[in-house]
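# Coordinates in review
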Amino acid sequence: MAAKKKITLNRRDVVSRIVRDRGDMLMVTGLGSTTWDAAAAGDHPNNFYLWGGMGGAAVTGLGLARAQPDRRVIVLTGDGEMLMGIGALATAGVAAPANFTICVIDNQHYGETGMQETHTSHGVDLPGMAAAAGFAETATVWNKKELEATVPLLYETKGPVFVAVKVNTDAVPMILPMRDGTAIRARFRESVLGDRAYD
Amino acid sequence: MATTKKKQPAAVTWPAEIFKTLKDADIAQVSYVPDAGHTDLIKSCLADNHIKTTRLTTEEEGVALSLGAWLGGDRSALLMQSSGVGNCINMLSIIEETRSPLLMLVTMRGEWGEFNPWQIPMGQGTQKSLEDAGVIVYHVDNPDDLAETIYAASQIAYNTYRAVAVLIGQRIIGFKDWRK
Ligand SMILES: Cc1ncc(C[n+]2csc(CCOP(=O)(O)OP(=O)(O)O)c2C)c(N)n1
Ligand SMILES: [Mg+2]
């Protein structure tokens with residue numbers, strides 16, 4: 001087996017870099033760390049923060065992408081969260097919305113619950129699975145240079161796009177966004193739908 | 001021996017009535033894991049140019065998908081068999097916590113005239129499980145009540161931002177005669 005590649009990217013740097021180009025993109029974040037990452041990169045009404053529903057981030061983004069075909073929708077989630085709803089790759093690969101991207105912040109561990117290894121520590125290749133499920137474009141990012149080259153893929157390439165960004169397990173400060181689900185939902189819908197949010 | 005006239009079953013119209021009801025309720029997205037009882041409804045949805053259909057791998061995907069659709073302004077319906085309800089329980093928490101609408105149409109197994117013993121545990125637990133997860137439940141056994149109940153359920157879901165399930169009784173679907 002090939003020697004393990006050294007992972008240098010810090011998750012907060014990665015997420016800050018990605019959202020810097022957000023424009024009118026809509027983002028769904030998976031429970032736990034990616035929700036904190038999004039908050040740390042700057043709260044935004046176009047962020048829908050999940051604090052639960054493990055395994056549901058990708059399909060939440062899929063329903064949103066189909067409802068808002070003219071906006072880019074990015075699902076930002078963890079490797080453990082993605083693995084729990086792995087069938088979503090097949091569902092999204094077949095539904096194939098062109099405006100849809102899944103970006104997994106892959107630390108190869110269940111960070112939130114004590115840093116136990118996930119299957120990606122043992123060779124499970126999420127972008128490979130996404131490609132096999134029919135995603136139009138897939139990539140694995142290992143370093144800063146690759147990240148720079150991949151950001152346009154997240155926003156512009158005809159989807160569905162799947163990118164795994166390999167990040168290290170360094171501790172990062174806990175930064176929490178709003179947590180009242182009803183408020184998060186109402187703020188997000190108002191931002192996307194305007195007056196129609198309260199129909 | 002005199003031939004007795006075989007009783008003709010009345011034409012089944014309820015799947016078409018459900019479809020019309022979904023259109024009347026402005027349902028824009030339909031997701032499903034198939035059940036035999038939903039066959040005609042799924043066909044109608046797939047053939048409709050305005051309804052976006054999503055085939056799911058497991059039913060809880062449809063719960064999250066419905067939330068996403070609603071976040072983007074689409075009303076949706078989620079079709080499944082009663083056994084699929086068991087796959088949804090934790091995902092239903094995102095609907096309750098965000099006070100978002102959800103309309104589930106569940107074809108029942110494990111009740112009226114069931115033959116397969118393996119369907120009984122989930123079928124008998126379907127309504128209780130949904131109610132424990134915060135879902136408002138209507139169980140319908142008369143086909144004449146079905147369309148109206150589904151319309152009423154859609155109004156509760158989308159006007160009061162609540163999860164609602166309509167259980168389509170096995171008595172309506174008709175039980176399989178396994179001897180044939
Ligand atoms: C259904 C369910 N199972 C388990 C948990 C506990 N849990 C919360 S976060 C998490 C790990 C998430 O790992 P990952 O998505 O890789 O995120 P990371 O913290 O590593 O970035 C787990 C197992 C949960 N919240 N829900
Ligand atoms: Mg992880």
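In this text, all values refer to a predicted model and were calculated from it rather than measured experimentally.

## Thoughts on the overall build of chain A
Regarding its fold elements, chain A presents 8 helices and 8 strands. Here the C-alpha atoms of chain A give a radius of gyration of 16 Å, agreeing with the 16 Å that 2.2 N^0.38 yields for 199 residues. Each principal axis of the C-alpha atoms in chain A carries an extent, and together these give about 55 × 35 × 30 Å. Expressed as a percentage of its 199 residues, the buried residues of chain A come to 56%. As presented, chain A carries roughly 8200 Å² of accessible surface, and 53% of it is formed by carbon and sulfur atoms. Of the side-chain charges in chain A, 20 are positive and 21 negative, and the distance between the mean point of each set is 1 Å.

## Side note on the interface of chain B and chain A
With 27 residues of chain B at the contact, the number on the chain A side is 32 residues. Taken together, both faces of the contact between chain B and chain A bury some 2200 Å²; the carbon and sulfur share is 57%. For the pair chain B and chain A, the interface holds 0 salt bridges. Linking chain B with chain A are 15 residue pairs in polar contact (both at pLDDT 80 or more), by the criterion used here.

## Observations concerning a nonpolar patch on the surface
A cluster of nonpolar side chains, W51, M174 and L176 of chain A, forms an exposed patch at the surface whose accessible area comes to about 300 Å². If you trace the backbone, W51 of chain A turns up in the loop between strand 2 (47–49) and helix 3 (57–67).

## A word on the site of ligand 1
Not every one of the 16 residues close to ligand 1 is listed here, only the nearest: S33, G80, E81, H109 and G111 of chain A. With respect to ligand 1, its neighbouring residues span chains A and B. Within the contact set of ligand 1, an oxygen atom lies 3.0 Å away from a side-chain nitrogen or oxygen of R11 of chain A. Contact with the protein chains covers 76% of the free accessible surface of ligand 1, which is 590 Å². Counting residues per element, the ones that place at least two in the shell around ligand 1 are helix 4 (79–84) and strand 5 (109–110) of chain A. At 4 residues, helix 4 of chain A tops the list of elements feeding residues into the shell around ligand 1. Grouping the constituent residues of the shell around ligand 1 by class yields 4 nonpolar, 8 polar and 4 charged.

## Quick look at the sheet that holds strand 4 (residues 100–106) of chain A
Strand pairs in the sheet, formed through backbone hydrogen bonds, run parallel or antiparallel to each other. All names here are of chain A. Overall, parallel pairing links the 6 strands, which are arranged 2-1-3-4-8-7 in an open sheet. Because the sheet does not close on itself, it has two edges, and the strands there are strand 2 and strand 7 (137–141). Going from strand to strand, the sheet's axes swing by 15° on average, the running direction of each strand aside. The pairing of strand 1 (residues 26–29) with strand 3 (residues 73–78) spans 4 bridges and is parallel. Residue pairing across strands places T29 opposite L76, the latter belonging to strand 3. The strands touched by helix 3 are strand 1, strand 3 and strand 4; relative to strand 3, the strand with the most contacts, the crossing angle is about 175°.

## As for the pairing of strand 3 (residues 75–81) of chain B
All names here are of chain B. With 6 of 7 residues buried, strand 3 lies mostly within the body of the structure. Of the pairings in the sheet, the one linking strand 1 (residues 27–32) to strand 3 comprises 5 bridges and is parallel in character. In the sheet register, Y32 faces strand 3, and the bridge partner there is L79. Two strands pair when backbone bridges link them, and strand 3 and strand 4 (residues 102–107) are joined in this way by 4 bridges, in the parallel orientation. Looking across to strand 4, one finds that L79 is bridged to L105.

## Structural notes on the pattern of salt bridges
If the charged atoms of two oppositely charged side chains come close together, the side chains can form a pair. Residue and element names in this part refer to chain A. Considering all chains together, one arrives at 11 salt bridges over all chains under this definition. Salt-bridge contacts for R12 lead to D37; the nearest nitrogen and oxygen are separated by 2.7 Å. Here D37 lies in helix 2 (residues 33–40) and R12 lies in helix 1 (residues 11–20), a separation of 25 residues in the sequence. Accessibility classification places R12 together with D37 in one group, the buried group.

## Structural notes on the confidence of the model for chain B
Across chain B, the average pLDDT comes to 94, with 91% of residues at 70 or higher. On the interface metric, ipTM, the complex scores 0.97, and its pTM is 0.96.

## Description of the coordination of the magnesium ion (ligand 2)
Residue and element names in this part refer to chain A. Note on the magnesium ion (ligand 2): its protein donors are D79 (OD), N107 (OD1) and H109 (O). The metal-donor distances range over 2.1 Å. If you list the donors of the magnesium ion (ligand 2) from N- to C-terminus, the spacing comes out as D-x27-N-x1-H. Pair noted here: D79 is in helix 4 and N107 is in the loop between strand 4 and strand 5, with a separation of 28 residues, a long-range link. For the pair D79 and N107, a shared accessibility class is recorded, and that class is buried.

Definitions and limits used
Along each chain, residue indices are assigned from 1 in the same order as the chain's sequence is written. Going through the entries in the order they are written, you letter the chains from A and number the ligands from 1. It should be noted that, the model being predicted, local features are given only for residues of pLDDT at least 70 and side-chain atom pairs only at 80 or more, the latter also being counted only at that level, while totals for whole chains, interfaces and linings use all residues. Hydrogens and water are ignored here; the side-chain numbers use all heavy atoms of the structure. Elements are defined by DSSP. Helices are runs of H or I of four residues or more, strands are runs of E of two residues or more, and each kind is numbered from the N terminus. The quantity called the radius of gyration is restricted to C-alpha atoms. Its globule counterpart is 2.2 Å times the number of residues to the power 0.38. Under the scheme applied here, a residue whose accessible area is under 20% of the maximum for its type counts as buried, over 50% as exposed, and between as partly exposed, the area being computed with a 1.4 Å probe on protein chains only. Values of accessible area rely on a 1.4 Å probe in the Shrake-Rupley scheme; residue burial ignores everything except the protein chains shown. Charge convention: Lys and Arg are scored as positive, Asp and Glu as negative, and His as well as the terminal groups of each chain are ignored. Lys charges are placed at NZ, Arg charges at CZ, Asp charges at CG and Glu charges at CD. The criterion used for residue contact is that any of the two residues' heavy atoms lie within 4.5 Å. Summed over both partners, the accessible surface that disappears when two parts come together, traced with a 1.4 Å probe, is what is meant by buried area. By convention in these notes, a salt bridge is any Lys or Arg side-chain nitrogen within 4 Å of a carboxyl oxygen on Asp or Glu. The definition of a polar contact used here is a pair of N or O atoms within 3.5 Å, where within protein one atom must be able to donate a hydrogen and the other to accept one, and adjacent residues in sequence count solely through side-chain atom pairs. Each patch groups residues whose relative accessible area exceeds 30% and which form no salt bridge, using 9 Å between like charges and 5 Å between nonpolar side chains of Val, Leu, Ile, Met, Phe, Trp and Tyr. When we say a residue is near a molecule or strand, we mean one of its heavy atoms is within 4 Å of it. Each residue gets one of three labels, nonpolar for Ala, Val, Leu, Ile, Met, Phe, Trp, Tyr, Cys and Pro, charged for Asp, Glu, Lys and Arg, and polar for the others, Gly among them. We call two strands paired when DSSP finds no fewer than two bridges between them. In this description, a line fitted to the C-alpha atoms serves as the axis of each element, helices being fitted only across the stretch in contact, and the angle between N-to-C directions of two axes falls anywhere from 0 to 180 degrees. Every residue carries a pLDDT, the predictor's confidence in it, which falls somewhere between 0 and 100. Atoms of type N, O and S within 2.8 Å of a metal are treated as its donors, and for Na, K and Ca the window is 3.2 Å; water is not considered, so some sites may appear to be missing partners.

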